[in-house]
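# Chains, contacts and geometry: an overview
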Amino acid sequence: MATEATTVKVSAKRKQRTKLQETWRRLRKNRWAMGGLSLIIFLALVAIFANQIAPYGYNEQDYLRILQGPSRENLLGTDNLGRDVLSRIIHGSRLSLSIGFITTGIGLTVGGFLGALAAFYGGRVDNLIMRFMDVILAIPGFIFAIALVTALGPSLTNLMIAVGINTIPYFARIIRSSVMSTKENEFVEAARVIGSSDLWIIFKHLIPNSLAPILVQATLRIGDTIIIASGLSFLGLGAQPPLPEWGALLSAGRGYLRVAWWMATFPGIAIMITVLAFNLLGDGLRDALDPRLKN
Amino acid sequence: MSANLLEIKNLHVHYITDDGTAKAVNGIDLALKPGESLGLVGETGAGKTTSALSVLRLVPNPPGKIIEGEINFNGENLLKKREREMRRIRGNKISMIFQDPMTSLNPVFTVGRQIAENVALHQNVSIKKGIERAREMLELVEIPGGRVYDYPHEFSGGMRQRVLIAMALACNPALIIADEPTTALDVTIQAQVLEIIKGLMEKVKTSLIMISHDLGVVREVSERVAVMYAGQIVEVGSIRSVFQNHKHPYTIGLFGSIPDIDDRESTRLKPTPGLMPDAMELPEGCPFHPRCPEAMKKCSEETPESVEIDERHFVSCFLYS
Amino acid sequence: MLKYIAKRLISMVPVLVGVTFIVFAIMHFTPGDPATLLLGEEAPPAEVERMRERMGLNDPFIVQYGNFLMGLFRLDLGISLTSGRPVYNEIMNRLPATIRLSAAAILVAIFIGVIAGIIASTRQYTVFDGGAMFIALLGVSMPNFWLGLMMILLFSVFWNNTFGYVLFPSSGFGTLRHLVMPAIVLGTAHAAFITRITRSSMLEVLRQDYIRTARSKGLNERVVIYIHALRNALMPVVTMAGLRFGVLLGGSVVTEQIFAIPGMGRLLVESVRSQNYTLVQGIILTYAIIFSLVNLAVDLLYAAIDPRIKVQYK
Ligand SMILES: Nc1ncnc2c1ncn2[C@@H]1O[C@H](COP(=O)(O)OP(=O)(O)O)[C@@H](O)[C@H]1O
Ligand SMILES: [Mg+2]
């Protein structure tokens, strides 16, 4: 009995690996998606080596060079405190990318856990969890995030928690449905037979098998959360000065729109390029995982 | 001998796709007199639908393309007409009944509206007048006229096919092309729909091309029959002549397994063993030669011309040339 | 049909009660004392204590929540901690501007999205298709507050510097000219989503047999596409528009901020800054109700679009 179960498990695993390989093969042929992936790698490198790349520090002020337009010394101009806009954007990439990954990570782990639990136990547990998710989804996401930030107080950490909580229902739903469909698979039955505990089964088998839709959802969500978070910062409810979070830079630029257009323009372009990169990759992944969906 | 209503001459149609070119129709010739009824039989993939769509110039493009040929309707070449002129012919002078009644009606409009639209368009009347006409047409196909305001999903498959027949007849076309109108229906309903078509054909003086893969169906409604194989017409003649005196080895194969031609159930096509070649990889010469029990060396090298072996009975085979 | 609407309205109640609970709980456990806020920091402790008692702030959480819920039936959402006026009145003052803005924006989004989606789908693989899809992708990736600032820069600042007058005013509300920029700013991202869904839905529908039937009747291509195909392709489009409306409501908060529109969103941000919890609570609840009603409307639209759905509504 036990050996039978392991062989089933092994073959399931192999199938999964080849499916991932197949996906990667298709993804590599998609020029837009690869462009998105390269951009993401580039942005990640910029974020990691921000200190080395940026010409100035993020809070390095020069009162003799206030509100200067783009020039050789300050490629993207300076702000109202004489700080280099390009440097602030480069340092800010750290914040925006971490926000994207951390908030999505929160949504993924908590949502994934809740969704898997709901699907695995069904009945009352399922009902309770999913109705709770419905309630959260009934409140427009951005507004729910505002409510949470109000309660937690405006700061970068709280911003991430608020936006992270927001993404929980999406992951809960998607993981619930894919766990539901893999639950009846033979290898799960087999794992049960050999006496694995419920939690072990969820982590070891069900979640990895739902990997494909999760990956797509997560990639697309990262872009979304970056926009939501920068929106909150824009309203003054997220990262606080002098942190160079992109939404906060835009917010500061707003006050000088008439005299220093560069202050608001460039941080927005940075957000757009970053989100675009994740969207390109996410769309490509979706098509690669399910070519039938592509027209 | 009166002039032909429809003449198809040397028609070639290809589907050009990334995976290759499917040569769906390869030089067919057909002629139809006013009021005449022609059956077009052949296995799935023989190119029947493509030929029919070519007449209406509705071959999906891309990937489909009419490569060469002539389609003369009332002496005018349809392939030379502008799209605008074609639109005045479609549904008006020539209409088509499609294979699958479940998917061929638009689910979001009432059947009355869908018939009326046709009438309003071609006879320059209001939709309201068109609905009146739709009522009459429904009655003609034995559906209560009051059902004009019902939606397609409120009808059974057989009734939907009758709605499509009513729609096709609404503008008194000179030619109707019915593409396997009974194939998608239950056996019992098939006979019913066929009866209706037969009855109507006697009433209205319309020409009919009845496409089918069922020789029995064709025998019920047609005066002449054309047998199609891999995009070519291998034999054509009057029902009587072809049923009693079939010459082409493929046609012989079709009839070969039929012990009694009065037994409708057994007249479904039971061709010679083997498969029809893929339209993407047609063999050289006569396309039937790989399966032909009489194949000669010549058959794999040249394509046979069509020969008249009896009055208006033609066969394309080297055995007779 | 009426029975169905009633049934749907009733089914909204548990979710909305859930919303009130979550929102009330979040606000309840937020640091800061409403009585102090209402009376000001300098108020004597005894008076604050009396106020706490009067506001029921000394009751257990469940009792307070129960009172709040009962109040809702009388449209009593409590009083604003800054102005002392009823929250209900404060919200009603600001609601019209938000509804006008959101409705205009979703209409802009649907209009642009459906047209662009149809053009892309009927010219698949051409520059139109590629161009429309790339612009849509940019639209999806663009934060609306940035787009707002850029439009102000372009149509108010630069336009004024070049031509000596303002094409579209950058703040205020009232005339149609005031509505143009905010509606476009708020609608753009959603137009992009709707473009994408319209395109894929149309491509699916254009393959259907009944489209071939329509063509075989001699209808011209415009009638085939805009009447026979579009109506069938509309279901996923309406679903998407309904889903996006939630995001759009969120976006309206920022848009109101940028264009100084006196709507609920600006009131929300002001209230958050002044820790005016009762008002925050009421506003969030109002947004949730609007969103739920929009979802109901989407459901009813299905029936109008597709007669097959109506059967299920009995
Ligand atoms: N849209 C299309 N794209 C590519 N090939 C097609 C298409 N439609 C038909 N074909 C090919 O053309 C040939 C003839 O098809 P068809 O005319 O439908 O035959 P029939 O109606 O006799 O079954 C087949 O080989 C088929 O695969
Ligand atoms: Mg066919």
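Residues numbered from 1 in each chain as written. Chains lettered and ligands numbered in written order. Predicted model: local features only at pLDDT ≥ 70, side-chain atom pairs only at ≥ 80, totals over all residues. Heavy atoms only, no water.

### A word on the overall build of chain B
Let me state the cut-off plainly: By the criteria applied, helices consist of DSSP H or I runs no shorter than four residues and strands consist of E runs no shorter than two, each listed in order from the N terminus. In this description the radius of gyration comes from C-alpha coordinates, and the expected globular size is given by 2.2 Å times residues to the power 0.38. Accessible area is worked out with a 1.4 Å probe on protein chains only. A residue is then buried under 20% of its type maximum, exposed over 50%, and partly exposed in between. Note on definitions: a residue-residue contact is assigned when non-hydrogen atoms from the two residues lie within 4.5 Å.
Counting its secondary structure elements, chain B contains ten helices and twelve strands. Against the compact-globule benchmark of 20 Å for 321 residues, chain B has a radius of gyration of 20 Å, which places it among compact chains. Summarising its shape, the C-alpha atoms of chain B cover approximately 65 × 45 × 45 Å along the three principal directions. The buried share of chain B, taken over its 321 residues, is 56%. Residue pairs at least 24 apart in sequence account for 64% of intrachain contacts in chain B once pairs closer than 6 positions are excluded.

### Let's talk about the overall build of chain C
Note the cut-off: Accessible surface is estimated by sampling points in the Shrake-Rupley manner with a 1.4 Å probe; for residues, cover comes only from the protein chains shown. The charge count includes Lys and Arg as positive and Asp and Glu as negative, but it does not include His or the ends of the chains. In plain terms, the charge of a residue is placed at NZ if it is Lys, CZ if Arg, CG if Asp and CD if Glu.
Within chain C, the regular secondary structure consists of 13 helices and zero strands. In sequence order, the secondary structure elements of chain C are arranged as α-α-α-α-α-α-α-α-α-α-α-α-α. If one aligns the C-alpha atoms of chain C with their principal axes, the spans along those axes are about 85 × 60 × 30 Å. In chain C, the proportion of contacts linking residues at least 24 apart, taken out of those at least 6 apart, comes to 71%. Surface exposure of chain C reaches about 14000 Å², of which carbon and sulfur atoms provide 67%. Counting 26 positive and 17 negative side-chain charges, chain C places the centres of these two groups 16 Å from one another.

### Observations regarding the site of ligand 1
Residues and elements named next belong to chain B. What counts is decided by this rule: Any residue with a non-hydrogen atom lying within 4 Å of a molecule or strand is treated as near it. What qualifies as a polar contact is a pair of N or O atoms within 3.5 Å, subject to a donor-acceptor requirement within protein and to the restriction that residues adjacent in sequence count only when both atoms come from side chains. Under the scheme applied, nonpolar residues are Ala, Val, Leu, Ile, Met, Phe, Trp, Tyr, Cys and Pro; charged residues are Asp, Glu, Lys and Arg; polar residues are all the others, including Gly.
What surrounds ligand 1 is the set Tyr 15, Ala 24, Glu 43, Thr 44, Gly 45, Ala 46, Gly 47, Lys 48, Thr 49, Thr 50, Pro 63 and Ala 279. Backbone polar atom of Gly 45 to an oxygen atom of ligand 1: 2.7 Å apart, as the coordinates give it. Separating an oxygen atom of ligand 1 from a backbone N or O atom of Ala 46 is a distance of 3.2 Å. Contact with the protein chains hides 69% of the accessible area of ligand 1, taken as 560 Å² for the molecule alone. Per-element accounting of the shell around ligand 1 gives the leading share, three residues, to helix 1 (residues 48-56). When the residues that make up the shell around ligand 1 are grouped by side-chain class, the tally is five nonpolar, five polar and two charged.

### Brief notes about the packing of aromatic side chains
Definition in use: Planes of paired rings set the category: under 30 degrees apart is stacked, over 60 is edge-to-face and the rest tilted, where pairs are Phe, Tyr or Trp rings (Trp by its six-membered ring) whose centres lie within 6.5 Å. In our convention, an over-ring charge means Lys NZ or Arg CZ found within 6 Å of a ring centre and within 35 degrees of that ring's normal.
Enumeration over the complete set of coordinates arrives at 20 aromatic pairs over all chains. Where Phe21(C) meets Phe61(C), the ring centres are 6.0 Å apart and the plane angle is 75 degrees; that geometry is what we call edge-to-face. Here the residue Phe21(C) occupies a position in helix 1 (residues 2-28), and Phe61(C) occupies one in helix 4 (residues 61-73), the gap between them amounting to 40 residues. Using a relative accessible area of 18% as the deciding quantity, one classes Phe61(C) as buried. An aromatic cluster of three or more residues is present, and its members are Phe21(C), Phe24(C), Phe29(C), Phe61(C), Tyr65(C) and Phe68(C). In this structure, Arg221(A) is placed above the aromatic ring of Tyr170(A), and the distance from its NZ or CZ to the ring centre is 3.6 Å. In this structure, Arg244(C) is placed above the aromatic ring of Phe193(C), and the distance from its NZ or CZ to the ring centre is 3.6 Å.

### A word on the interface of chain C and chain A
Stated formally: Buried area: the sum, over both parts, of the accessible surface (1.4 Å probe) that disappears when the two are put together. Salt bridge, as used here: a side-chain nitrogen of Lys or Arg that lies within 4 Å of a carboxyl oxygen of Asp or Glu.
On the side of chain A, 41 residues touch chain C, which itself brings 47 residues to the contact. Contact between chain C and chain A buries roughly 3900 Å² in total, counting both sides, with carbon and sulfur atoms accounting for 78%. Counting every contact that joins chain C to chain A gives one salt bridge. With a shortest N-O distance of 2.5 Å, Arg196(C) and Asp283(A) are connected by a salt bridge. Our count for the contact surface shared by chain C and chain A stands at seven residue pairs in polar contact (both at pLDDT 80 or more). At the level of elements, helix 1, helix 6 (127-141), helix 7 (144-163), helix 8 (176-206), helix 10 (221-258), helix 11 (264-273) and helix 12 (277-305) of chain C are the ones that each hand at least two residues to the side of chain C that touches chain A. Here the side of chain C that touches chain A is built from residues that sort into 35 nonpolar, nine polar and three charged.

### Quick look at the packing of helix 2 (residues 31-48) of chain A against helix 4 (residues 85-121) of chain A
All names here are of chain A. To keep it simple, the criterion reads: Only the contacting stretch of a helix is used when fitting its axis, a line to C-alpha atoms as for every element, and angles between N-to-C directions run 0 to 180 degrees. Orientation labels follow simple angle bins: below 35 degrees gives roughly parallel, above 145 gives roughly antiparallel, 65 to 115 gives roughly perpendicular, and whatever is left gives oblique. What makes a crossing left-handed is the near helix being turned counterclockwise from the far one by less than a right angle; a clockwise turn instead makes it right-handed.
One can describe the packing of helix 2 onto helix 4 by two numbers: an axis separation of 8 Å at closest approach and a directional angle of 115 degrees. Classified by the angle their axes make, helix 2 and helix 4 are roughly perpendicular. As helix 2 runs across helix 4, the sense of the crossing is left-handed. Across the interface between the two elements, Leu 43, Ala 44, Val 46, Ala 47 and Ile 48 of helix 2 pack against Ile 90, Ser 93, Arg 94 and Leu 97 of helix 4. The residue makeup of the contact of helix 2 with helix 4, split by class, is seven nonpolar, one polar and one charged.

### With respect to the interface of chain C and chain B
Contacts between the two partners involve 20 residues from chain C and, on the opposite side, 26 residues from chain B. Between chain C and chain B the total buried area reaches about 2100 Å² when both faces are included, carbon and sulfur atoms providing 60% of it. On the chain C side of the contact with chain B, Arg212(C), Ser216(C) and Lys217(C) bury the most area, a combined 30% of that side's loss. Counting the contacts that link chain C with chain B gives one salt bridge. Taken together, the connections running from chain C to chain B amount to ten residue pairs in polar contact (both at pLDDT 80 or more). Sort the elements by how many residues they give to the side of chain C that touches chain B and helix 9 (residues 209-216) of chain C lands first, with six residues. For the side of chain C that touches chain B, a count of residues per class yields seven nonpolar, six polar and seven charged.

### Observations regarding the pairing of strand 10 (residues 232-238) of chain B
Residue and element names in this part refer to chain B. This is how it is decided: At least two DSSP bridges between two strands are required for those strands to pair.
Counting buried positions over the seven residues of strand 10 gives six, a clear majority of the element. Bridge count for strand 9 (residues 224-229) against strand 10 is six bridges, and the pairing is antiparallel. The residue bridging Val 225 from the neighbouring strand is Gly 237, located in strand 10. Linking strand 9 back to strand 10 in an antiparallel pair, the connection comprises two residues, with Ala 230 at a positive phi of about 45 degrees.

### Regarding the confidence of the model for chain C
Cut-off, in case you're wondering: For every residue, the predictor states its confidence as a pLDDT score lying anywhere from 0 to 100.
Chain-level statistics for chain C give a pLDDT mean of 90 and a share of 99% at 70 or above. Interface confidence in the predicted complex, given as ipTM, is 0.89; pTM for the same model is 0.87.

### So, the sheet that holds strand 8 (residues 207-212) of chain B
Residues and elements named next belong to chain B. With mixed pairing, the eight strands of this open sheet are ordered in space as 6-7-8-3-9-10-12-11. Edge positions in the open sheet fall to strand 6 (94-97) and strand 11 (306-310), since each of these has one partner strand only. Between one strand axis and the next, the sheet turns by 20 degrees as a mean value, whatever way the strands run. Relative to strand 12 (residues 313-316), strand 10 is paired through two bridges, and the arrangement is antiparallel. Looking at the pairing, Val 236 lines up with Phe 314 of strand 12. Strand contacts of helix 1: strand 3 (37-41), strand 6, strand 7 (175-179), strand 8 and strand 9, with the helix running at about 150 degrees to strand 6, the strand carrying the most contacts.

### Topic: the nonpolar core
Our working rule: Nonpolar core, defined: a set of buried Ala, Val, Leu, Ile, Met, Phe, Trp, Tyr and Cys residues in which side-chain atoms within 4.5 Å join the residues together.
In this structure, Ile146(A), Leu232(A), Leu235(A), Val253(C), Leu268(C) and Ile284(C) are the most contacted members of the largest nonpolar core, which totals 128 residues. Per element, the largest residue contribution to this core is 14 residues, and it comes from helix 12 (residues 261-289) of chain A. Aside from chain neighbours lying at most four places away, what touches Ile146(A) is Leu232(A), Leu235(A), Leu237(A), Val253(C), Leu268(C) and Val272(C). Counting 56 residues, the second largest nonpolar core, distinct from the first, contains Val13(B), Leu30(B), Val55(B) and Phe243(B).

### Remarks on the arrangement of the chains
The assembly contains two pairs of chains in contact; the pair sharing the most contacts is chains A and C. With no contact between them, chain A and chain B keep their nearest C-alpha atoms 14 Å apart.

### Brief notes about the pattern of salt bridges
Residue and element names in this part refer to chain C. Taken as a whole and assessed by the stated rule, the structure comprises 31 salt bridges over all chains. When the shortest N-O distance is used, the salt bridge between Glu 270 and Arg 94 registers 3.7 Å. Taken together, the residues span a long stretch of sequence, with Glu 270 in helix 11 and Arg 94 in helix 5 (residues 87-122) at a distance of 176 residues. Taking relative accessible area as the criterion, Arg 94 reaches 19% and is therefore assigned buried.

### Remarks on the environment of Ser96(A)
Residues and elements named next belong to chain A. Mapped onto the elements, Ser 96 comes out in helix 4. With a relative accessible area of 3%, Ser 96 lands in the buried category. Residues Ser 96 and Asn 74, 22 residues apart in the sequence, show an inter-C-alpha distance of 22 Å. With near-sequence residues (within four places) excluded, Ser 96 lies in contact with Ile 226, Glu 245 and Trp 246.

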